[in-house]
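Report on the structure
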Amino acid sequence: HDLVSTLGWCDPVLPQSMYIFKQARVGGEVTSHQDSSFLHTEPRQTCLGLWLALDDATVENGCLWVRPGSHTEPLRRQFYRNPAHFRPPAAQANGSG
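Residues numbered from 1 in each chain as written. Predicted model: local features only at pLDDT ≥ 70, side-chain atom pairs only at ≥ 80, totals over all residues. Heavy atoms only, no water.

This brings us to the overall build of the protein. On a plain count of helices and strands, the protein comes out with 2 helices and 0 strands. Counting the 97 residues in the protein, one finds 5% classified as buried. Pairs at least 24 apart in sequence give 59% of the contacts found in the protein among residues at least 6 apart. Surface summary for the protein: the accessible area is close to 9,500 Å², and the carbon and sulfur share equals 56%. (Helix = DSSP H or I, 4+ residues; strand = E, 2+ residues; numbered from the N terminus. Buried < 20%, exposed > 50% of the residue type's maximum accessible area, 1.4 Å probe, protein only. Contact = heavy atoms within 4.5 Å. Areas by Shrake-Rupley, 256 points an atom, 1.4 Å probe, with all protein chains shown as cover.)

A grouping of L3, L7, L48 and L50 is seen on the molecular surface, where their side chains present a nonpolar patch of about 380 Å² in accessible area. Here L3 shows up in helix α1 (residues 2-6). (Patch = residues over 30% accessible without salt bridge, like charges linked within 9 Å, V, L, I, M, F, W, Y side chains within 5 Å. Salt bridge = Lys/Arg side-chain N within 4 Å of Asp/Glu carboxyl O.)

With respect to the element layout, E73 can be found in the loop between α1 and α2 (89-94). Taking relative accessible area as the criterion, E73 reaches 31% and is therefore assigned partly exposed. Sequence separation between E73 and Q34 is 39 residues; the distance between their C-alpha atoms is 9.7 Å. Side chain to side chain, E73 and R67 meet in a polar contact 2.6 Å long. (Polar contact = N/O pair within 3.5 Å; in protein donor to acceptor, adjacent residues only side chain to side chain.)

What follows deals with the pattern of salt bridges. Going through the model one piece at a time under the given rule, you end up with 2 salt bridges. E73 is paired through a salt bridge with R67; the nearest N and O atoms lie 2.6 Å apart. Under the relative-accessibility criterion, R67 is labelled partly exposed at 41%. By sharing partners, the salt bridges in this structure join R67, E73 and R76 into a single network.

Here Q34 is to be found in the loop between α1 and α2. A polar contact is formed between the side chain of Q34 and the backbone oxygen of P74, at a distance of 3.2 Å. If we skip the residues at most four places from it in the chain, Q34 touches E73, P74, L75, R76 and R77.

Bringing the environment of V66 into the picture now. Along the chain, the position of V66 falls in the loop between α1 and α2. What makes V66 exposed here is its relative accessible area of 61%. In this structure, the C-alpha to C-alpha distance between V66 and H33, residues 33 residues apart in sequence, is 9.9 Å.

In structure tokens, the structure reads:
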């Protein structure tokens, strides 16, 4: 709470948390991207993503790279969920669809 408050966020809440396990030499490279592509909200940005390493992050094991000032750049790409791949909530609840 204190961390995001110092960044200017008022009354922050935690809507989601996740662990991403990226073991050394397993899987593929994650290319440069903006997390806001997936966390975008309108009419104003109300979602903030934080990345915390639970293990030592080094160049050898694939640490996070950040381009200075990139947080001030406009959104380059926005992720949209394709509704054709999701059932309506009512269909999920009764098992149909």
